[in-house]
There are 2 protein chains.
Amino acid sequence: MDSKKKELNKQVRKLMQEFVGQTVNFYNHLHEQSVCSSSKKETMEHLEMQPIPQYGRPVREVYSEMLRDVYGNTILEQHPRSFSCIPSTASLLSWMGDIMTNAYNPHASCQINAPAADLIEKKLIRWMCGLVGYPQRSGGLFVSGGSIANLTALTAARDAKLTYADRSRAVIYVSDQTHASVAKGLHIIGFRKDQIHMVSTDSSFCMDISSLRAAIRNDVESGKKPFAMIASAGTTNTGSVDPMQEIAGLCQEYGMWMHVDGAFGASALLSDQYRKILSGIEYSDSLSWDAHKWLLQTYGCGVVLIRNQSDLVHSFAAHPEYLRDSETSEGSIEFWDLGPELTRPARSLKLWITLQALGKKEMGQIIEHGCVLAGLAERMIRESPGWEIVSPAQFGIVNFRYISDGKMSEDQLDSINQEISREITESGFAQILTTELHEKKVLRMCTINPETTEKDIYETINRLKQSRIIRKTGEDVSFE
Amino acid sequence: MDSKKKELNKQVRKLMQEFVGQTVNFYNHLHEQSVCSSSKKETMEHLEMQPIPQYGRPVREVYSEMLRDVYGNTILEQHPRSFSCIPSTASLLSWMGDIMTNAYNPHASCQINAPAADLIEKKLIRWMCGLVGYPQRSGGLFVSGGSIANLTALTAARDAKLTYADRSRAVIYVSDQTHASVAKGLHIIGFRKDQIHMVSTDSSFCMDISSLRAAIRNDVESGKKPFAMIASAGTTNTGSVDPMQEIAGLCQEYGMWMHVDGAFGASALLSDQYRKILSGIEYSDSLSWDAHKWLLQTYGCGVVLIRNQSDLVHSFAAHPEYLRDSETSEGSIEFWDLGPELTRPARSLKLWITLQALGKKEMGQIIEHGCVLAGLAERMIRESPGWEIVSPAQFGIVNFRYISDGKMSEDQLDSINQEISREITESGFAQILTTELHEKKVLRMCTINPETTEKDIYETINRLKQSRIIRKTGEDVSFE
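Given the structure is predicted, the values throughout are model-derived calculations rather than measurements.

Draft legend 1. Quick look at the packing of aromatic side chains. In this structure the tally under the stated criterion is 22 aromatic pairs over all chains. Residues A:F19 and A:Y63 carry aromatic rings whose centres are separated by 6.3 Å and whose planes lie at 85° to one another, so their mutual orientation is edge-to-face. Of this pair, A:F19 sits in helix α1 (residues 3–28) while A:Y63 sits in helix α3 (residues 59–71), and the two are 44 residues apart along the sequence. The class for A:F19 is buried, based on a relative accessible area of 0%. Between A:Y104 and B:F26 the ring centres are 5.0 Å apart and the planes differ by 45°, which places this aromatic pair in the tilted class. Here A:Y104, found in helix α4 (residues 92–104), pairs with B:F26, found in helix α1 (residues 3–28), and the two come from separate chains.

Written out as structure tokens, the structure reads:
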């Protein structure tokens, strides 16, 4: 190694040791940070001007620029008062796993390349399949996230249930609350939009079983072939869980594949208290489950599980000549045989580290903490005149809106609630975005960050109630 | 934050600062390490016994176990004498990017969540499209690797070129050297095996254009619809580059989509000396390009580029209600509109850091260094009696075999060369695996690691020539 390279490595060591200290400090004081600081125009202009240089720049200069202009210019999804989307619950233990895994950079596609990483991924998959209640023949693999997990499972479903000839008359059932990645995945694997039958949900945002039953019967009568059913275990909008027992019954009756999108909610399987909400999940044929949602992982840590591992092998196994020496034995099943990727990072190791250091019980308590906080937010809203709950606390998600004296038009309410969201988000104190439920614009809070406190919830709801637009509306009303 | 959590964070800081020092030291002394140490039976048994505990374990204990049993139990793909597969060229600068990116964990799917990360990804995409020679309307995004890049591009190709009705008679052309992920991707997006027409390659392992032309003509005459053509820019087996000018001509003639799988070879666009080998790539409609192959990145850093960004939007855009607040403006195009993933890590930042700190020129020199070393290996083999070159050095890959006195059967030669591979790999000095070329088992070296020296090549080839099986064969022969 030449001296220039040695000097560079020395600098990387110094900078990264400094950065580790700084990051831990940053996490220790997240509460005091602003959730979203709007990016400065000059910063963005400076970045826009920065070319890929012909000759390298001092690494410390690059480091400082990244820290200041790029990483400092991000919404903090891991902030205890980031309540939008599914916020990040990323733990420093997951980050520790990232640092170690990326240092060694194992090629986690086959047993020979990284035998221990391979074993740990298999152990985690077995453990997760066990939590679901899948039989011994089940399996799965780690993927980048729910979208690829859904895509992988749906491909296996298609190949297991349909002949080529049947594909064009096949029907897949989703609800109006199913995550958009399912429709995207179905498009990618070749289905037309009109083959996706969107079933309405009831007042709890759960798939309406009688509508579903009628839809299937109707489709069968008109010569179509119902083949797959997507149940959501924790929808993005409301945390609602579709009635999986009934869905499983229908799937059995019609020979359909039951896929559960549990990207968000499957983590509740770790809580003795909440896992019963997921009852029926054990009858599913496949499941998507994101560890980067509620299991404290940084992004890129999703899992697809499947009742019969052979269904993944059937869809994804390939044995090119240049990999022959890397197969454990003839006919061995490697991770590259179970999904769309060949080269893949060892995504499971950080979850293993987190589970080893925290234990299952604490992970379960973290799930419960998130559910309790959403319940607290719900109670506060219910006790507030001029506000209504649109969807009660489910799996750490609650939806509500300001309705004033109940005399305003839906349009007016929509724009007031949008403005309430804008104000608190722009303040940097908390991030709360809106979604739409049964055509109403609502405020949505997802309270799953383990660092979020009761005080965070109190202060946030109180600030919502103090929104300028509400005070202004109040004044307007009193002027009349 | 409670005191227990603070104490945990303190320990993570201490361990990770220690680990950073240790990792830099590890990289500084890679040459002295064994490339592959076979994993100890007891280590694997110990890991196999380790449960997911109910209660957490001391983080230092977990750390030490991971270091010793898991990370220490991996083939070092980044070793300067790892010559198999496409070895990892991962730089500590990429690792620095991993550490920083994962600490902040930006949600890199849309501009609002991480404006600076979004801008940098767009700048890199523009720069890479510029290197290819794509027009202003081009675009793309970072994905986990070549398999997903191919899948993404092929989906766009299908949707741009075929009606639903045409799909069942569509034909895609690949060569017998095309990467297996293309066929896998085509299977996922709904094509039958018999719709993939595998064209033979010439003696240089490049797609045979006259066979291709004949195949297309024949398919058109029999009522099929040729719609996509996969050209390889740097095949995995030999580094060969398909004749892209001619392929582009045929694509134009028949209205076909030209996809280039440049996962490995596209990086040569950074070398003024070698980029001309890729001439014709500018006519393609899409391109896969892995930065984790030859651009010094750790795994999970691939790119898909496309001539018309609107083709990705057409296939992948979705606008669910729960993302409405995160769209920059109505109709804005976010990264989640360009590919299969919604939530995604900020994969581009580490490449940006690497390019800023090294500069384009040095990256080009690294490409050239890899090509020169393969050329050196080729010369050494050509000068060695009893050995033959099966595929000359191309893009840092050379294939050769021991042929003894030329009187042995092909079966004997196959097993001798397999044994030569096994011996050197098991010795830990270097990793060289076999592949199959035109039905011969050959030894394959990919020499792209920038830390690999001429001395590494000399010593490795000399060790191959000293293989026990060769010495033994020599003795057997002399006994006759």
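Draft legend 2. Main features of the interface of chain A and chain B. Taken together, the contact pairs 134 residues of chain A with 134 residues of chain B. Carbon and sulfur atoms make up 61% of the surface buried where chain A meets chain B, a total of about 12,600 Å² over both sides. Linking chain A to chain B there are six salt bridges. B:R126 serves as the salt-bridge partner of A:E48, at 2.8 Å between the closest nitrogen and oxygen. Counting residues per element, the side of chain A that touches chain B draws most heavily on α1(A), which supplies 18 residues. Here the residues of the side of chain A that touches chain B sort into 66 nonpolar, 40 polar and 28 charged.

Draft legend 3. Here's a closer look at the relation of the copies chain A and chain B. The transformation that overlays chain A on chain B combines an axial shift of 0.0 Å with a rotation of 180°, and the residual RMSD is 0.0 Å. A rotation of that kind, with that shift, is consistent with a two-fold axis. Within chain A, A:I189 has its C-alpha nearest the rotation axis, a separation of 2.0 Å. When the interface residues of chain A are mapped onto chain B, 100% of them again fall at the interface, so both copies present the same face.

Draft legend 4. Layout of the pattern of salt bridges. All names here are of chain A. For the structure shown, the criterion picks out 56 salt bridges over all chains. Salt-bridge contacts for D159 lead to R158; the nearest nitrogen and oxygen are separated by 2.9 Å. For R158, a relative accessible area of 0% gives the class buried.

Quick notes on the rules
- Residues numbered from 1 in each chain as written.
- Chains lettered and ligands numbered in written order.
- Predicted model: local features only at pLDDT ≥ 70, side-chain atom pairs only at ≥ 80, totals over all residues.
- Heavy atoms only, no water.
- Phe/Tyr/Trp six-rings, centres within 6.5 Å; stacked < 30°, edge-to-face > 60°.
- Helix = DSSP H or I, 4+ residues; strand = E, 2+ residues; numbered from the N terminus.
- Buried < 20%, exposed > 50% of the residue type's maximum accessible area, 1.4 Å probe, protein only.
- Contact = heavy atoms within 4.5 Å.
- Buried area = accessible area lost by both parts, 1.4 Å probe.
- Salt bridge = Lys/Arg side-chain N within 4 Å of Asp/Glu carboxyl O.
- Nonpolar A, V, L, I, M, F, W, Y, C, P; charged D, E, K, R; others polar.
- Least-squares fit on C-alpha atoms with pLDDT ≥ 70 in both.

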